[in-house]
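Residue-level structural notes
Take a look at the letters that make up each chain.
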Amino acid sequence: MKMTLFPLKFVAALLLSSASMISLADEPTLDLRLQCTQTKLEDGDGERLIYADQAHIQLHGETIDDFQWESSLFRTDHGHECSIDKDDQLQAQVTDKGWRITLKDAVNARTERGYDFDRGYQCSIRVEREGESVHIRPTCPALCGSRMNFTELKVDVKSGQCHYEE
């Protein structure tokens, strides 16, 4: 009789484990690595601008496993950079299209970087799936020093091709 109880307990444990794995699988996940560069002329025929972005974004539901993004804009005689990573005390909210990433304390994050002038304390980065692409839409002047914002871009997840938004 003990032999029949053990297998039944084992089957019950497997069913519970499967149920928890199914509920975890229902959460949206993303593991995106990107390296993008594009040269443009300002206003179509003006100064040469070089956009360069490098990121690793790994999200599982509202859990941020990894988030690192460096977004640079280089002009002829100077450049500006925005950067954000997990150490900036990020929080994730799942939306109907993907995620909204925000800072828990934008004032503190900006102060810790040594930015002593007001550029704004808001920071929201929307990471949205659009078919085979991921659209990264930032509104995050808090971590950009003298630059207005990170660069908005779309990445085709199959080909790795980047498209910078205007």
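Whatever comes next refers back to the structure up there.
On a predicted model such as this, the values are computed, not experimentally measured, just so you know.

**Describing the pairing of strand E5 (residues 90-94)**
Alignment of E5 against strand E6 (residues 98-103), held across five bridges, turns out to be antiparallel. For Val94, the partnering residue across the bridge sits in E6 and is Trp99. In this structure, the hairpin formed by E5 and E6 is closed by a connection of three residues.

**A short note on the pattern of salt bridges**
Under the criterion given, the structure shown has four salt bridges. With a shortest N-O distance of 3.4 Å, Glu128 and Arg137 are connected by a salt bridge. The class for Arg137 is partly exposed, based on a relative accessible area of 31%.

**Some thoughts on the sheet that holds strand E2 (residues 48-60)**
Overall, antiparallel pairing links the four strands, which are arranged E1-E2-E3-E4 in an open sheet. The open sheet has two edge strands with one neighbour each: strand E1 (29-41) and strand E4 (79-85). Sheet twist, expressed as the mean angle between neighbouring strand axes with direction ignored, is 0 degrees. Two elements, E1 and E2, share 13 bridges in a ladder whose sense is antiparallel. Looking at E2, one finds that Cys36 is bridged to Asp53.

**Quick word on the packing of aromatic side chains**
Across all of its chains, the model carries two aromatic pairs by this definition. Between Tyr51 and Tyr164, the ring centres sit 5.4 Å apart and the planes meet at 35 degrees, which makes this aromatic pair tilted. Separated by 113 residues along the polypeptide, Tyr51 in strand E2 and Tyr164 in strand E10 (residues 162-164) bring together distant segments of the chain. With a relative accessible area of 16%, Tyr51 lands in the buried category.

**Overview of unusual backbone geometry**
In this structure, Gln89 takes a positive phi of about 60 degrees despite not being glycine. Position of Gln89 relative to the elements: it lies in the loop between E4 and E5. The exposure class of Gln89 is partly exposed, given its relative accessible area of 41%.

**Comments concerning the environment of Gly98**
With respect to the element layout, Gly98 can be found in strand E6. The exposure class assigned to Gly98 is buried, which follows from its relative accessible area of 8%. Along the chain, Gly98 and Val127 lie 29 residues apart, while their C-alpha atoms are 5.7 Å from each other. Discounting residues that sit within four places of it in the chain, Gly98 has contacts with Gln93, Val127 and Glu128.

The rules behind these values
Residues numbered from 1 in each chain as written. Predicted model: local features only at pLDDT ≥ 70, side-chain atom pairs only at ≥ 80, totals over all residues. Heavy atoms only, no water. Pairing = 2+ DSSP bridges. Helix = DSSP H or I, 4+ residues; strand = E, 2+ residues; numbered from the N terminus. Salt bridge = Lys/Arg side-chain N within 4 Å of Asp/Glu carboxyl O. Buried < 20%, exposed > 50% of the residue type's maximum accessible area, 1.4 Å probe, protein only. Axes fitted to C-alpha atoms, helices over the stretch in contact; angles between N-to-C directions. Phe/Tyr/Trp six-rings, centres within 6.5 Å; stacked < 30°, edge-to-face > 60°. Contact = heavy atoms within 4.5 Å.

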